[in-house]
Structure formats: C-alpha cells, structure tokens
Amino acid sequence: YFSRLESIVARRQWAERAAAPICSRYSHALIELLSSVKRSLRICEGESPLGPVRVDAATPLPLVSNSLSSDCGSWEWNDGWISSNAGWEVWTGFVDIMEVEWKPPSRSIVRTLMDGGEGPPLLREGCTVVRGNDWDNRDDADNEDGKDEYDEEKSAKEEEKRAADEEKKKKQKDSKRRLSEGDKEIDPAEDDDPANDEDPADDNDSACEVDQAKEEGSPELPHEEPDELPSAAAASSGNEADEPNENEDGDLCDLESTKKKKKLATPKLPTGTVLSIEPWGGIPAMARRVRWHRTGKEGVYRYGGNGGRFDLVHVETNDKNTRVKKKHPPPESLEQCAARYGFGKRRKCNVILRLSNRKHANADNTDTCCDGIMEWPDFGAGVLVECTIYSDGAVAIKEKRLLYGSKDSGWETRFGQPSYVPGSEFVILPTLNEDTMSSHEELLGDSTFLVKDLRKKEDGERVRVTSELHLYRGKGWKVNSGDITDGNFLSAVSPMQSPLICFDSEFHASSFSLSKDKRTVTCLAADGRGIAYGNVGFTKGVHYWEVKLEKAEIGSVYIGVAEKPESTSGGFETQPRLNRWLGWGFVNFRATYSAGVERVYGAHCHAGDTVGVLLDCDAGRISYFFDGVKYGEHILNDLGCAFENVSPFGFNADGCGNGGAGQGAPSGVDGGRNSRYPANGAVRPKAMWPVIGLRHPGDRVTMSAKCMSSHGIDAFTVMKNSLA
C-alpha cells in the first residue's frame, strides 16, 4: 500500500483540483498519512517504502517547469501557479498527415456482426480450420492439407453415385415395362377361349344349396368332379395371377438387391487442428500452426498477416468430419481497423509548441537546445519534446514521451495503431515569406516513419507515413546568446509576437468568409446558426483571448468553446455541417447558451465592444469579461463564471469538481450537480476549441491579438503544495 501511496494522493488531489484549496476528508486523511510517512523516513534510517508514482490518463505527469526567474520571485511562480507567457515562447501551427500510398482495405462485416453480438470467436488451440481464400497467394502454396485427394475422392463418389442412379432408373424402367406387358396377357377383353367362360349364376346357385344344407343339418353335397375343380380353379387363378406375381417378385428382388449394395463412403473433409498461435513477419498472433488430418503435415499459415491475408477459415464440422456445419467469417484485420479510424487518409492536426529552458548545446555557443511541450488538441494530449536550434536557423524537434492524454487509444490516424509511439523527429527550416506586412514567419519540415504492424496487402511491404509540420513564430525571433539570465539558461527575443489564436480556414460554416490573416470572420448568408472554429484547441492549462464585435445585431453573435464534432456519416471522409451553435458559450443578448438551453448571464454587447474569454481547463470553468461602452462611459467588467464542470480531463472523483457552484454557475454536463459526472471511468481527455457563431448576414467579429496561454499545473505540483 505504501508503495502506491504517492500515486493515490496525486490522483486524488488532481481529481479535487476544482475545489482547491478545499479538499474532502478522505483526501485530507491521505495527505496526513503521506506526511507522517515522509516525516518518519527523515527520522528513521532505512529503505523507503514509497514506490514510483504511476497515474492514469486523466492525471498529467510532471510538466516542464520554467527555470527563468521572475521579478516577483514567489513560490507561486516557481510552482507554475501563476498563468503567464513569460519565459515561454509559443509557436502555433499544424501537422499535415499525408495520404498513405497503399490500396485501402475493404470494410469488414465483422464490426456489424459484433455490434449485434454475433462476432466470430477467437481462433485458438484446438479449433478446426480449412484452407481459406488466400491459400493460393502464398509463395510456397502446396497440397499440405490433402485437398487434391479430397477432390478426387469426391469426384469419384459423385461419378459412382451418378452411375448408380442411372442403373436404378434403368431397372425401374424395365420393371414398369414388364408390368405393362403382363397386364396385356391377362386382359379379359382379349381372352377369346370359351372354355374359360363361367356363368356367374351357376356359382350363385351352388353357393345357395351349400348354405341351405348347412342350415338344415344335412351332410355336405358331394362335388361331381372333385379332382377337376381344383385343377380348374388353379388354372383360372394361374391365368389371372401367375404372371403379375412373377413381375412383382422380380421388382422386389431388384429393390432388395439395390438395398443390399454397399453404401458409398463419404470422403473426410481436408480439415486441420490449430496447435498454437504464432507471429508472422514480427507481428504477434498473425498466424496459426496447424496439423492437417488427412496428411498429418504441420505448417504455419497466415491469419491476418501480410496486410490482412487469411490462408485459413475457421469452421465447425459434424462428428464424422464429412460436412461443414458453420463457417465463421475472418476477423477484422489490423489494416481494416486502422482504416476504419481514418488511417491512410490525409488529415490536418493543429499543434502548439511551447519552448523554455534554453541553453547552449555546444562549446561554440552556436547551437541552442531547449525543453518544450507540443500539444496535440486533436488527440487531447501533450508530448514532452527536445528541441535543438542550429545556427543556420534549422530546428530539430524530437518527441520523447507523453505527458498527458490517452497513451493506449485514439492514435490510429497518426501512427496506424491505438497506442502512442515516441521518438518521432521533425526537422524544420524557415521559409521565404513574400508578405512583408506579415507579423510571423513560417517554418516547414517533414517526418517519415514506417508503421510497425501494418503491411500492404498487394506485396506485404511495410506502410510508410509522411507528415509535414508547419509552425509559425514572430518575426525577428532569435536567442539572446549574450544574456544569461539564470545559470546556463538563455532568453528568447521576438520583437513581433505572432497572434496565438486565429480561425481555421478548413473548419467553418460554408456561409462564412475569412480575412487574409484569418483573424476576422464575416457571415455572408443566413444558413442557420453557423459556427467557425479556432486554429488551436486546449486540453490543459489556463487560456485567455478576446473577441471584438465589428458588426453585430443583438442575439446574433455566439462566443464560446466547443469540441470538434465528428462527421454525420460517422467516418473521416466528409466534414460535418457546421450550421448550429455547439459547446458552451455566451450570446450577446445577455445569456449563456448550451445545447439549446439559454440562461440569463452577463450584459448586452453591441458593435465595437470586446468580450474576453477565460478558459480554465484545469478547474473546468469558463468566465467572460466585458470591455466596452455603457451609458456613454467606458467600462471593464468581470461577468463571472458562466459554466463549470467543463474540464477536458473531467472530474473522476465523486463529490468533487464543483468549484464554480458557489457562484451559481450552471453545470457543463448533463444531469446537473447532483448527478454522477460522465468522466467517472472515462479518462480519455478531450479538447476545447475557441468558437464563434454568427446568424445574420453582415455580422463580423475579429479575434484580437491580445491573448495569453499557460500549460497550467500538474498533479504532483498540487500534491507538493499540499504537503508544504
């Protein structure tokens, strides 16, 4: 328990971060226990029972600290509690993931079957298999399973059965012919012999006399010709029944002889038994070792390897192994799964790069290295990076490890697999910008890597992914090599700071138009409640930006944050229609708006006014500020907390995360404050994007250059502050 104590305290403190400095009794007891353990370790010598700290995806790891000192020199600055851009250089941009050069696999039907609870079972040891569709596409395709012998036996059986059927039909035809000939011989109409004619009246008289004699008790009347009557009767019966009996007996004999023939043996199916699960091409569980029943041979065969090749089919047979009762479809291959999540298609992902702690990388003081955090809002993650700035202006960025975000899910579009892969490296160079009025310069570079577990189905080669990184920084950026502010750490100089937030040129309503610098959006037509997304999103930290209303009618401008919606078709091929206001925001007729629900809040805003937005991702609060003219007087007003419980990380502890409740702010989650928060058990982070909504033609707003962004604090900083 003590080895996990620090991890438990860190996770619990982060779960209750919205209510800081207030904490629950349970959290307070954990802090006291950890304090006692640390105090006893200082007094008593011995091995520490505390183990390494491990956290889940909803709890960030220790972030990069700013080693530059500030004028205030307070502990809040050193611990990161002060949200400021000082000491950090923030670059924004995007990564363009190119389309993969491969033939996209077809969509598997297994996903539909699994949704209905009828997916195929796992092909494990002891299961029965037969050869599959890709059997002949192997380099060493052979008859290991005995399929050729089975086909020969099956053909011989079918030929013999066909001959037997023909012989049976022939015998039945002969029997019918003999029966028809026998009927013609005993036909009474064709019998001309008068000796065979008998009078029915005589027979009736004789029968009456016999009956009368029996009734009177007299002795039986003797027959006149006792010897000739039986012979005549025999002759008569013989003429009528002898020939048909011969034919019927012959037909029965033929049927009995057919039944007595030996039944044709059904050949055994060329099946095999799975002995073990094997890797294929270095990818685990992509092949099976099988022993074939007919030949006794063993071999390793693909079952999803080489880009989704299946040499085997999972079947169920009867006890005699002569008939297939059920054939299971092949499972979804790795390539099909990755393609279903958008891998292989071109995609644009926005990024934010924060650089700090610059120092000389060599003895000549020509190169500079620094620590940094690269935020990937589309994946809800932040990555620790190591940057090297060379004397010729090139910048090398290498990803080291994941600081926050989901490590084992959601990375298919970038890496072709659910898990994050560290080690990606970009080398970017400054580009020539012909626009002399621009306040920023662009750096461009690319990176390629081979996906570990994906293969091309046509040739079995590995899949290569190419990505282009576009970053923008203020013009005149350089490292002040002569100013050493703190030990070996250097400061950066950027006379013209590039604006952090502008609009995304590819993610806005079709009725909107963007300016050349992408900072102004105008509504051209009334097509519902259109919305435009910003170029950057935030998963963690504290962020502030301002929006100026250039031209707006009352109730027609929506300012807030939202998650990026998925396509209406459920795939990555098409972009969703952005014709409604999404997320949580403020409408300029003194109201908040979320999911169609309005609530009185703030103040009326008109053309010329400026609205400031403060998004605290760590505490889960959205607040607004008003900068404008009221009753002829310029005022700056804090409108207070508008929403709570909208943290991208969620609040994964019951009864915690309601820090905005004291201000009467509405909850940002369904169900209100008294319900269980949806983040319980769901730790995958999301991202909040600045959004602007317009409704009337002619409405126009501008994203101000005044903005601030801080990556915030982490769980270990909160725990350290509690133990101080």
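Worth saying up front: this structure is predicted, and the values here are computed from it rather than measured.

Quick notes on the rules
Sequence order sets the numbering: in each chain, residues are counted from 1 along the sequence as written. The predicted origin of the model limits local features to residues at a pLDDT of at least 70 and limits the giving and counting of side-chain atom pairs to 80 or more, whereas totals for whole chains, interfaces and linings rest on all residues. The side-chain values count all of the structure's non-hydrogen atoms but skip hydrogen atoms and water molecules. To obtain each axis, a line is fitted to C-alpha atoms, and for helices this fit is confined to the stretch in contact; angles are then taken between N-to-C directions over 0 to 180 degrees. Here a helix means four or more residues in a row that DSSP labels H or I, a strand means two or more in a row labelled E, and each is numbered from the N terminus. Take the far helix as your reference; a near helix turned counterclockwise from it by less than a right angle gives a left-handed crossing, and one turned clockwise gives a right-handed crossing. Throughout, a contact is declared for two residues whenever any of their heavy atoms are within 4.5 Å. Side-chain classes are defined by residue name, with Ala, Val, Leu, Ile, Met, Phe, Trp, Tyr, Cys and Pro counting as nonpolar, Asp, Glu, Lys and Arg as charged, and the others, Gly among them, as polar. DSSP calls a pair of strands paired once it identifies at least 2 bridges connecting them. The salt bridge definition used is simple: a Lys or Arg side-chain nitrogen within 4 Å of an Asp or Glu carboxyl oxygen. Buried residues are those whose accessible area, probed at 1.4 Å on protein chains only, stays under 20% of the maximum for their type, while exposed residues exceed 50% and partly exposed ones sit between those limits. pLDDT measures the predictor's confidence residue by residue and takes values from 0 up to 100. Buried Ala, Val, Leu, Ile, Met, Phe, Trp, Tyr and Cys residues form a nonpolar core when they are joined through side-chain atoms within 4.5 Å. The aromatic pairing rule takes the rings of Phe, Tyr and Trp, using the six-membered ring of Trp, and pairs them if the centres are within 6.5 Å, calling planes under 30 degrees apart stacked, those over 60 edge-to-face and the rest tilted. Note on geometry: a ring has a charge over it if NZ (lysine) or CZ (arginine) is within 6 Å of the ring centre and within 35 degrees of the ring normal.

J.: Can you tell me about the packing of helix α1 (residues 5-15) against helix α2 (residues 25-43), naming the residues and giving the values?
T.: Contact pair α1 / α2: the axes reach a minimum separation of 10 Å and the direction vectors enclose 145°. By crossing handedness, the relation of α1 to α2 is classed as left-handed. Across the interface between the two elements, Leu 5, Glu 6, Ile 8, Val 9, Arg 12 and Gln 13 from α1 touch Tyr 26, Ser 27, Leu 30, Ile 31, Leu 33, Leu 34, Val 37 and Lys 38 from α2. In terms of residue class, the contact of α1 with α2 is built from 9 nonpolar, 2 polar and 3 charged.

J.: Before we move on, could you go through the pairing of strand β12 (residues 425-430) and cite the residues and values that matter?
T.: Of the pairings in the sheet, the one linking strand β11 (residues 395-404) to β12 comprises 4 bridges and is antiparallel in character. Counted as the bridge partner of Ala 396 is Val 427 from β12. Two strands pair when backbone bridges link them, and β12 and strand β13 (residues 440-455) are joined in this way by 4 bridges, in the antiparallel orientation. Its bridge partner being in β13, Leu 429 is matched across the sheet by Leu 444.

J.: Give a description of the pattern of salt bridges that names residues and reports values.
T.: If you walk through the whole model with that rule in mind, you get 23 salt bridges. As a salt-bridge pair, Asp 96 and Arg 346 come within 2.6 Å of each other at their nearest N and O atoms. Of this pair, Asp 96 sits in strand β1 (residues 89-97) while Arg 346 is found in the loop between α9 (334-340) and β8 (347-360), placing the two residues 250 residues apart along the sequence. We classify Asp 96 as buried; its relative accessible area is 9%. Given a relative accessible area of 55%, Arg 346 falls into the exposed group. Of the charged contacts in the structure, one is a salt bridge between Arg 291 and Glu 298, with a shortest N-O distance of 2.6 Å. A relative accessible area of 40% places Arg 291 in the partly exposed class.

J.: Kindly report on α1, identifying the contributing residues and their values.
T.: Within α1, 10 of the 11 residues are buried, which leaves the element mostly enclosed by the surrounding structure. Turning to α1, its buried residues number three or more, namely Leu 5, Glu 6, Ser 7, Ile 8, Val 9, Ala 10, Arg 12, Gln 13, Trp 14 and Ala 15.

J.: A description of the confidence of the model for the protein chain should follow, citing residues and the corresponding values.
T.: For the protein chain, per-residue confidence averages 78 on the pLDDT scale, and residues scoring 70 or more make up 75% of the total. Taken together, the stretch residues 186-250 has pLDDT below 50 and engages in 18 contacts with residues farther than four places along the chain or on a different chain. With pLDDT under 50 throughout, residues 481-487 is counted as low confidence; its partners more than four residues away or in other chains account for 10 contacts.

J.: Tell me about the nonpolar core, residues and numbers included.
T.: Counting residues in hydrophobic clusters, the biggest one holds 39 residues, and the most contacted among them are Trp 545, Ile 559, Ile 622, Tyr 624 and Ile 692. Discounting residues that sit within four places of it in the chain, Ile 559 has contacts with Val 547, Leu 549, Gly 585, Phe 586, Val 611, Val 613, Tyr 624, Val 691 and Ile 692. Membership of the second largest hydrophobic core comes to 35 residues, among which are Cys 349, Cys 370, Leu 454 and Val 465.

J.: Report on the packing of aromatic side chains, specifying residues and quantitative values.
T.: On inspection of all chains with the given rule, the structure shows 20 aromatic pairs. Geometrically, the ring pair formed by Phe 415 and Tyr 420 is edge-to-face, given 5.5 Å between the ring centres and 85° between the ring planes. Given the relative accessible area of 8%, Tyr 420 is considered buried. An aromatic cluster is defined as three or more aromatic residues linked by ring pairs; in this entry it consists of Trp 376, Phe 379, Trp 411, Phe 415, Tyr 420 and Phe 449. Sitting above the plane of the Phe 507 ring, Lys 564 keeps its charged end 4.7 Å from the centroid.

J.: Just give me the short version of the sheet that holds strand β25 (residues 597-604), but keep the residues and values in it.
T.: Within the open sheet, the 7 strands sit side by side as β17-β20-β29-β22-β23-β24-β25. Their pairing is antiparallel. Both outer strands of the open sheet, β17 (503-508) and β25, are each paired with one neighbouring strand and no more. Each strand of the sheet is rotated relative to its neighbour by a mean of 30°, with strand direction disregarded. Direction of pairing for strand β23 (residues 584-587) relative to strand β24 (residues 589-594): antiparallel, over a ladder of 4 bridges. Among the inter-strand pairings, Gly 585 is bridged to a residue of β24, identified as Tyr 593.

J.: Tell me about the environment of Ala 619, residues and numbers included.
T.: With respect to the helices and strands, the residue Ala 619 is situated in the loop between β26 (610-616) and β27 (621-630). Looking at Ala 619, the relative accessible area reads 9%, which means it is buried.

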